[in-house]
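Residue-level listing of the chains:
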Amino acid sequence: MDPEYDYIIAGGGASGLSLAWQLLNSPLKDRKVLIVDADLTPKNDKTWCFWHPGIPPFSDIIHKKWSSIEIGISNDHFSQQVEQYPYYGLRSIDLKQKVLKAIRDHAHFDLLESSVVKFTSLPSEQSALLHTEDATFKASYIFQSCFAPTEIHKSDICYPLKQHFLGWELTIDTPLFDDSTCTLMDFDESFTDGVAFMYILPWRATSGLFEYTVFSDQLLSKEFYEEKIRLYLHNRYNLRPIDYEVTRREYGVIPMQDQPVISWYKPRILNIGTQGGLTKPSTGYTFTRIQNQAKAIVDQLIANGSPEPPSPSNLRFKAYDLWLLHILYNHPAEARQIFHDLFKGNSMDQVFKFLNEDTTLMEDLKIMGSLPYRPFLKALWATRKRLQEI
Ligand SMILES: Cc1cc2nc3c(=O)[nH]c(=O)nc-3n(C[C@H](O)[C@H](O)[C@H](O)COP(=O)(O)OP(=O)(O)OC[C@H]3O[C@@H](n4cnc5c(N)ncnc54)[C@H](O)[C@@H]3O)c2cc1C
């Protein structure tokens, strides 16, 4: 048997490294911890964005903050200031470099670059094993973001939606972009097989990330997203391919589905991150929930020695997510109208508060009152049984 640990973190992505960071900055920092990932080289392959009241997580490495949010619907572009919930962009390369350095500088934390092959649970010994091709490690708890929970079957999911996107990071010679405003959604009404929009993170007046994003159950060819970006740059900014240089591409697929949250992979092996069901089904945003989960796990380890993280959403917000998923999946045109009314009829701060699940029932009712009620009544009826299962 290879060395024994108090905790093993299997997967050094957003959730694994966020948990390692919480542990390093807690009274548990002297526990023995192993972090395993198949590839530990930091890469600039994900731009994690989130809104946050107060000081954001990893505040010293935030790449960009925006206090103005733009929405575009039916050729109508409008922007709103955000005061309580600014929008932040954090690059995966910066988070990984920061946390991996802190781990390497710490005597009790070990890093291993290797593929995890499987886990074994040893409940009678109050521990679990992590197996690689050529080694086995034991710990009291394993926190894993590598494998989907075994109990989830594709056929159990009623609304198998995905958020899929391809983005170009590009530079231009002449200042053109408004880097004080990020474009959250600029809808493409010509796309009818789901909901599609352009998402823009302008870094500077001469550079930014332009992502064509789709909510649907079918992935598209890479050329399709790229053609859409090309067209957008031409129609909105009059830019031709010779006017810009694409310096990086970012591609991603995020599950947006009515997936039950399964906390435990096996006894003593906790699912974290996306595999722990942390993605908010109706938006695809996961990063803030990952931070909340990491903090909750460490707080519980300190308090009771065992982790039992709370469900990411209470029943009220689970119901809202399910209704919107139902509408997005079955009636994308109605979903576009709902987004339009949501953004037109409410302040962006209030929308972010609602999506953060920080609103009171009274505040929710006010938001609901700004939306068309028919699609929601139909969704409420159609999902009444499903709500009890998730
Ligand atoms: C391109 C992209 C952009 C995103 N942007 C946002 C955003 O702006 N805001 C937001 O809230 N959410 C965003 N998300 C969703 C979500 O926040 C991210 O997917 C986030 O990285 C999830 O964290 P995770 O730890 O669950 O998974 P990951 O970050 O993917 O980490 C999993 C880790 O496990 C490792 N691994 C997997 N299998 C094995 C194995 N067998 N052995 C060893 N290691 C293994 C992988 O190498 C990886 O490092 C984005 C997702 C993508 C794909």
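In short, a report on the structure. Model, not experiment: these values are computed from the prediction. All residue numbers here refer to positions counted from 1 along the written sequence of the relevant chain. Local features in this predicted model are restricted to residues of pLDDT 70 or higher, and side-chain atom pairs are both shown and tallied only at a pLDDT of 80 or more, whereas totals for entire chains, interfaces and linings draw on every residue. The basis for every side-chain value is the complete set of non-hydrogen atoms in the structure, without hydrogens or water.

**Observations concerning the nonpolar core**
Point 1. Definition of nonpolar core: a set of buried residues of the types Ala, Val, Leu, Ile, Met, Phe, Trp, Tyr and Cys, connected through side-chain atoms within 4.5 Å. Throughout this description, buried means an accessible area under 20% of the type-specific maximum (1.4 Å probe, protein chains only), exposed means over 50%, and partly exposed covers the range between. Among the nonpolar cores identified, the biggest contains 48 residues, and Tyr 87, Leu 184, Leu 201, Leu 328, Phe 339, Phe 343 and Phe 352 are the most heavily contacted of them.
Point 2. Among the elements that make up this core, the one with the highest residue count is helix α5 (residues 315-330) (9 residues).
Point 3. Only heavy atoms enter the contact rule, under which two residues are in contact if any of them lie within 4.5 Å. Setting aside residues no more than four positions away along its own chain, Leu 328 makes contact with Leu 161, Val 195, Phe 215, Met 256, Ser 282, Ala 335 and Phe 339.
Point 4. If you look at the next biggest cluster of nonpolar residues, it comprises 35 residues, including Leu 17, Leu 28, Trp 48 and Val 99. Think of it this way: any DSSP run of H or I at least four residues long counts as a helix, any run of E at least two long counts as a strand, and we number them from the N terminus.

**With respect to the sheet that holds strand β5 (residues 68-73)**
Point 1. Read across the open sheet, the 7 strands follow the order β6-β5-β13-β14-β15-β12-β16; overall the sheet is mixed. Every interior strand has two partners, whereas the edge strands, β6 (76-81) and β16 (244-256), have only one. Within this sheet the neighbouring strands show an average axis-to-axis angle of 15 degrees, counted without direction.
Point 2. Note on pairing: two strands pair once DSSP finds at least 2 bridges between them. Note: strand β13 (residues 181-187) against strand β14 (residues 195-204), 3 bridges, orientation antiparallel. Opposite Asp 186, over in β14, you have Met 198 as the bridge partner.
Point 3. With axes taken as lines fitted to C-alpha atoms, and helix axes fitted only over the stretch in contact, angles between N-to-C directions fall between 0 and 180 degrees. Packing of helix α3 (residues 222-237) onto the sheet brings it into contact with β5, β6, β12 (161-172), β13, β14, β15 (207-216) and β16, and relative to β12 it is tilted by some 50 degrees.
Point 4. Lying over the sheet, helix α7 (residues 348-355) contacts β5, β6 and β13, oriented at roughly 80 degrees with respect to β6.

**Considering the pattern of salt bridges**
Point 1. For this analysis, a salt bridge means a side-chain nitrogen from Lys or Arg found within 4 Å of a carboxyl oxygen belonging to Asp or Glu. Summed over all chains, the structure comprises 23 salt bridges.
Point 2. Taking the shortest distance from any N to any O, the salt bridge between Glu 125 and Lys 138 comes out at 2.7 Å. One end of the pair, Glu 125, is in the loop between β9 (118-122) and β10 (127-131); the other, Lys 138, is in strand β11 (residues 136-144), with 13 residues separating them in the sequence.
Point 3. Classification of Glu 125 by relative accessible area gives partly exposed; the value is 46%.
Point 4. Its relative accessible area of 15% is what places Lys 138 among the buried residues.
Point 5. Linking Lys 280 and Glu 357 is a salt bridge whose minimum nitrogen-to-oxygen distance equals 2.6 Å. A residue pair is termed long-range when its members are at least 10 positions apart, and Lys 280 in the loop between β18 (269-271) and α4 (287-304) and Glu 357 in the loop between α7 and α8 (361-369) qualify at 77 residues. Comparing Lys 280 with Glu 357 shows no difference in burial state: the two are buried.
Point 6. Through salt bridges with shared partners, a single network forms among Lys 280, Arg 289, Asp 321 and Glu 357.

**Here we look at the sheet that holds strand β3 (residues 47-51)**
Point 1. Judged by pairing direction, the sheet is antiparallel, and its 3 strands sit side by side in the order β3-β7-β4 without closing on themselves. Since the sheet does not close on itself, it has two edges, and those belong to β3 and β4 (64-66), each with one partner. Shown here is a sheet whose adjacent strand axes are inclined to one another by a mean of 20 degrees, direction ignored.
Point 2. Here 3 bridges tie β4 to strand β7 (residues 87-91), and the two strands are oriented antiparallel to one another. Its bridge partner lying in β7, Lys 64 is registered against Gly 89.

**What to know about the site of the ligand**
Point 1. Near, as used in this document, describes a residue that has one of its heavy atoms within 4 Å of the molecule or strand being considered. Around the ligand, 29 residues are found, and the nearest of them are Ser 15, Asp 37, Cys 49, Thr 286 and Phe 287.
Point 2. Side-chain polar atom of Ser 15 to an oxygen atom of the ligand: 2.6 Å apart, as the coordinates give it.
Point 3. A distance of 2.7 Å separates an oxygen atom of the ligand from a polar atom in the backbone of Cys 49.
Point 4. Broken down by secondary-structure element, the contributors of at least two residues to the shell around the ligand are α1 (14-24), β3, β16 and α4.
Point 5. By residue number, the principal contributor to the shell around the ligand is β16, which donates 4 residues.
Point 6. Counting the residues that make up the shell around the ligand, at least three belong to each of domain 1 (4-68 + 82-152 + 258-304) and domain 2 (161-254). As used in this structure description, the phrase polar contact means that two N or O atoms lie within 3.5 Å; if the pair is within protein, one of them must be able to donate a hydrogen and the other to accept it, and residues adjacent in sequence are counted only when both atoms belong to side chains. Throughout the structure description, domain borders are defined by an automatic or database domain assignment.

**Points about the environment of Ala 382**
Point 1. With respect to the element layout, Ala 382 can be found in helix α9 (residues 373-382).
Point 2. Linking Ala 382 and Lys 96, residues 286 residues apart in sequence, is a C-alpha distance of 43 Å.

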